[in-house]
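For reference, the chains in residue letters:
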Amino acid sequence: MSSKFSYIYLLILLAFISVLGLIYYIRSKRKKEVEEIKILLPPHIEAIKALEKLREKDYLRKEKEKEYYIELDDILRVYLGRRFSKDTLDKTEFELIGILKELNLERNLFINLKNFLEFSSLVKYAKQRAGVKEGEEHWELLKGFVEKTKEEANASLS
């Protein structure tokens, strides 16, 4: 009787482990599907959504300039990386400027983005203060950059 008793516990344990494995499998599959859906968004739409979310956080009026510029800088890096297939997340400000130079942008746009990156570094690392007007101008600059450089859907059809 003791061996039957052991087999029952063993079967219960195996059933329990199987259920846990099934739950893990289902959750990981769902997570992958959600990640795949997110990746399918075009880079310009993802960037515009991120910019809108940043604006809603109202960091500048709360005097959280550092957080604002960290996120603004990250939005630019992710957009550049996705749109132009460049490795941008671990680059320095100077390396990013080099990447922007490679894109052959309009001179004024390039200079404005370069100035943004330099100012952003000062805010993030040297405790430079940024006003609301300045922050909004930089937000508009990035939004304009995204809109000017977005990949047109019809371009791949021609």
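One can find the structure itself at the top, above this paragraph.
Here is what the cut-offs are and how they apply
- All chains use their own residue numbering, which begins from 1 and follows the written sequence.
- With the structure being a predicted model, the display of local features is reserved for residues of pLDDT at least 70 and the display and counting of side-chain atom pairs for 80 or more, all residues being used for whole-chain, interface and lining totals.
- Processing note: side-chain calculations cover all non-hydrogen atoms of the structure and skip hydrogens and water entirely.
- Numbering of helices and strands starts at the N terminus; helices are DSSP runs of H or I of at least 4 residues and strands are runs of E of at least 2.
- Each residue's exposure class comes from its accessible area (1.4 Å probe, protein chains only) as a fraction of the maximum for that residue type: buried when under 20%, exposed when over 50%, partly exposed otherwise.
- By definition in these notes, contact holds between two residues if any of their heavy atoms fall within 4.5 Å.
- Each accessible area is a Shrake-Rupley estimate made with a 1.4 Å probe; only the visible protein chains count as cover when residues are assessed.
- What a helix is expected to span follows from its residue count: subtract one and scale by 1.5 Å.
- Only residues above 30% relative accessible area that lack a salt bridge enter a patch, with like-charged residues linked at up to 9 Å and the nonpolar side chains Val, Leu, Ile, Met, Phe, Trp and Tyr linked at up to 5 Å.
- A carboxyl oxygen of Asp or Glu within 4 Å of a side-chain nitrogen of Lys or Arg is what we treat as a salt bridge.
- Inter-axis angles, ranging from 0 to 180 degrees, are taken between N-to-C directions of lines fitted to C-alpha atoms, where helices are fitted over the stretch in contact.
- Roughly parallel means an angle under 35 degrees; roughly antiparallel, over 145; roughly perpendicular, 65 to 115; everything else is oblique.
- Only centres within 6.5 Å qualify two rings of Phe, Tyr or Trp (six-membered ring in Trp) as a pair; their planes then separate them into stacked at under 30 degrees, edge-to-face at over 60, and tilted for everything else.
- Amino acids are sorted into nonpolar (Ala, Val, Leu, Ile, Met, Phe, Trp, Tyr, Cys and Pro), charged (Asp, Glu, Lys and Arg) and polar (every other residue, Gly among them).
- The term nonpolar core refers to a set of buried residues drawn from Ala, Val, Leu, Ile, Met, Phe, Trp, Tyr and Cys, joined through side-chain atoms within 4.5 Å.

Draft legend 1. Representation of the overall build of the protein chain in the model. Scanning the protein chain from terminus to terminus reveals six helices and zero strands. Going from the N terminus to the C terminus, the protein chain shows its helices and strands as α-α-α-α-α-α. The proportion of buried residues among the 158 residues of the protein chain is 28%. Relative to all contacts within the protein chain whose residues are 6 or more apart in sequence, the contacts with residues 24 or more apart total 65%. Carbon and sulfur atoms form 58% of the exposed surface of the protein chain, whose accessible area is close to 11500 Å².

Draft legend 2. Spatial organisation of helix 6 (residues 132-149). Counted at 1.5 Å a residue, the expected span for helix 6 with its 18 residues is 26 Å, and the 26 Å between its end C-alpha atoms agrees. Looking at the buried side of helix 6, the elements it contacts are helix 2 (43-57), helix 3 (65-84), helix 4 (93-102) and helix 5 (107-125).

Draft legend 3. Representation of a nonpolar patch on the surface. A contiguous nonpolar patch, built from Tyr7, Leu10, Leu11, Leu13, Leu14, Phe16, Ile17, Val19, Leu20 and Ile23 and spanning about 1000 Å² of accessible area, is present on the exposed surface. Following the sequence through the fold, leucine 20 ends up in helix 1 (residues 2-39).

Draft legend 4. Local environment of the packing of helix 4 against helix 5. One can describe the packing of helix 4 onto helix 5 by two numbers: an axis separation of 10 Å at closest approach and a directional angle of 170°. Between helix 4 and helix 5, the angle is such that the two are roughly antiparallel. Taking contact as the criterion, the partners of Glu93, Leu96, Ile97, Leu100 and Lys101 in helix 4 are, on helix 5, Phe110, Leu113, Lys114, Leu117, Glu118 and Ser121.

Draft legend 5. Structural detail: the packing of aromatic side chains. Inspection of the entire model under this criterion finds five aromatic pairs. For the ring pair tyrosine 69 and phenylalanine 119, a centre distance of 5.5 Å and an interplane angle of 70° mean the geometry is edge-to-face. One end of the pair, tyrosine 69, is in helix 3; the other, phenylalanine 119, is in helix 5, with 50 residues separating them in the sequence. Residue class for tyrosine 69 comes out buried when judged on its relative accessible area of 0%. Their ring planes at 85° and their centres at 5.8 Å tell us that tyrosine 79 and phenylalanine 145 sit as a pair that is edge-to-face.

Draft legend 6. Broad picture of the packing of helix 2 against helix 3. Running from N to C, helix 2 and helix 3 point in directions that differ by 175°, and their axes come no closer than 9 Å. Classified by the interaxial angle, the pair formed by helix 2 and helix 3 is roughly antiparallel. Contact residues: Pro43, His44, Glu46, Ala47, Ala50, Leu51, Leu54 and Lys57 in helix 2; Tyr68, Glu71, Leu72, Ile75, Val78, Tyr79, Arg82 and Arg83 in helix 3. In the contact of helix 2 with helix 3, the residues fall into ten nonpolar, one polar and five charged.

Draft legend 7. Summary view of the nonpolar core. Of all hydrophobic cores here, the largest spans 31 residues; its most connected members are Tyr68, Tyr69, Leu72, Leu100, Leu113, Phe116 and Phe145. At the level of elements, helix 2, helix 3, helix 4, helix 5 and helix 6 are the ones that each hand at least two residues to this core. Among the elements that take part in this core, helix 3 stands out by supplying eight residues, more than any other. In this view, leucine 72 contacts Leu51, Leu54, Phe116, His138, Trp139 and Leu142; residues no more than four positions away in its chain are not counted.

Purely geometric stuff here, so don't read any function into it on its own.
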